[in-house]
Amino acid sequence: MVTWRSKKQNVVARSSAKAEFRVMAQGVCELLWMKIILDDLILKYEAPMGLACDNKFAINIAHNPVQHDRTKHVEIDRHFNKEKLDDGLIAIEYIPSRLQLADMFTKGLPTKQFEDLTCKLGMIDIHLPT
Amino acid sequence: MKDLGKLKYFLGIEVAYSRQGIFISQRKYILDLFKETGKLGCKTTGWPIEQNHRIGNDEENPKVEKTQYQRLVGKLIYLSHTRSNIAYAVSVVSQFMNDPRERHLQAVDRIIQYLKASPKKGLLFKKGENLSMKVYTDVDYAGSIVDRRSTTGYCMFFVEIW
């Protein structure tokens, strides 16, 4: 893991898809920023950068060019995501909630899941045999 | 200018190198935190924040000492650099910096108890062959019981996890 964030959003979202869009847009910004850093380090990365999200509805809207009435209020984030998708800079994929690594940054988790995810993040005690 | 060799210790962060990769931890910073708060003998717990914690403004409970609370939370914020699994818990307690109550201090104690259970943990940046950038995004819709705002969470990886 290289970067992460856990933050309360500064606006009230009226639907979960809107909230999800906001995060996706932030995730895209983070990827674009990281790409600039990689460029500075002269590391080539041509493939589309992955964005994993566990909300199918939000993914569908991101791909669907038709502007629905009910998604009007998420316009800016939506257009931003769509633009980067069309440029081939990012690729959005669906992941089931149980494989969602970012879960830990949004809510309290039961012990077992918390420990599994902690390990996946690369957070370990190197002094213990694994 | 003088070359001091590889980085070992900087601003409370310890850096170690191995065949597997680079490991950073704040073990000493954590131990100093226990000493300062007098929590060396406190009990331990397996997770930093309960599920469905419903922590709100908690105005009916007594106030706690503000500067002390802010100092503690400030230290925890710094700690989440290498202990990113407490990032969410820390973001919750830091929302109440301007009017901390008993309930919030309990949440802070819980985080310290969790750190007590695993003070040596840190982040390992593994050596990898293939670079694959991926960011995982998640949201807790209307998670705050104070104003019903949602909580953002994302993390980026350079290696395939699954």
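The structure we're discussing is the one just above.
1. Concerning the interface of chain B and chain A
Contact residues are listed per partner, giving 48 residues for chain B and 53 residues for chain A. Looking at the side of chain B that touches chain A, the elements that each hand over two or more residues are α3 (87–93), β4 (122–126), β5 (134–140) and β6 (151–157) of chain B. Here the residues of the side of chain B that touches chain A sort into 22 nonpolar, 16 polar and 10 charged.

2. A closer look at the sheet that holds strand β1 (residues 3–8) of chain A
Spatially, 5 strands are ordered β1(A)-β6(B)-β5(B)-β2(A)-β3(A) in an open sheet, and the strand pairing comes out mixed. Pairing within the sheet leaves two strands with one partner each, and these edge strands are β1 and β3 (90–94) of chain A. Strand-to-strand twist across the sheet, computed as the mean angle between neighbouring axes with direction ignored, equals 15 degrees. Sheet analysis places strand β2 (residues 49–53) of chain A next to β5(B), joined by 4 bridges and oriented parallel. Within the sheet, the bridge partner assigned to Leu51(A) lies in β5(B) and is Val135(B). Packed on one face of the sheet, helix α1 (residues 16–40) of chain A meets β1, β2 and β3 of chain A together with β5 and β6 of chain B and runs near 155 degrees to β5(B).

3. Quick word on the pairing of β6(B)
The buried count for β6(B) comes to 7 of 7 residues, which makes it a mostly enclosed element. Where burial is concerned, the two faces of β6(B) agree: the one with Thr151(B), Gly153(B), Cys155(B) and Phe157(B) and the one with Thr152(B), Tyr154(B) and Met156(B) are both buried. Sheet topology note: the β1(A)/β6(B) ladder contains 6 bridges and is antiparallel. Each residue of the ladder has a partner; that of Trp4(A), found in β6(B), is Cys155(B). Bridge count for β5(B) against β6(B) is 7 bridges, and the pairing is antiparallel. When the sheet's bridge partners are listed, Asp140(B) is paired in β6(B) with Thr151(B).

4. Brief notes about the sheet that holds β4(B)
Read across the open sheet, the 5 strands follow the order β4(A)-β4(B)-β3(B)-β2(B)-β1(B); overall the sheet is antiparallel. Of all strands in the sheet, those bounded by a partner on one side alone are β4 (123–124) of chain A together with β1 (9–10) of chain B. Both strand β3 (residues 21–25) of chain B and β4(B) contribute to a ladder of 5 bridges, which runs antiparallel. Directly across from Gly21(B), in β4(B), lies its bridge partner Lys126(B).

Rules of the game
All residue numbers refer to positions counted from 1 along the written sequence of the respective chain. Chains and ligands are labelled sequentially in the order written, the chains with letters from A and the ligands with numbers from 1. Only residues with pLDDT of at least 70 get local features here, since the model is predicted, and only at 80 or more are side-chain atom pairs given and counted; chain-wide, interface and lining totals rely on the full set of residues. Remark: residues whose backbone-derived C-beta atoms lie within 7 Å of one another are considered to be in contact. Think of it this way: any DSSP run of H or I at least four residues long counts as a helix, any run of E at least two long counts as a strand, and we number them from the N terminus. Three residue categories are used. Nonpolar comprises Ala, Val, Leu, Ile, Met, Phe, Trp, Tyr, Cys and Pro, charged comprises Asp, Glu, Lys and Arg, and polar comprises the others, including Gly. Criterion used throughout: strands pair if DSSP finds at least two bridges between them. Note on definitions: angles span 0 to 180 degrees between N-to-C directions of axes, and those axes are lines fitted to C-alpha atoms, for helices only across the stretch in contact. With C-beta atoms placed from the backbone, the exposure class of a residue follows from how many other C-beta atoms lie within 10 Å of its own: 20 or more, buried; 12 or fewer, exposed; in between, partly exposed.

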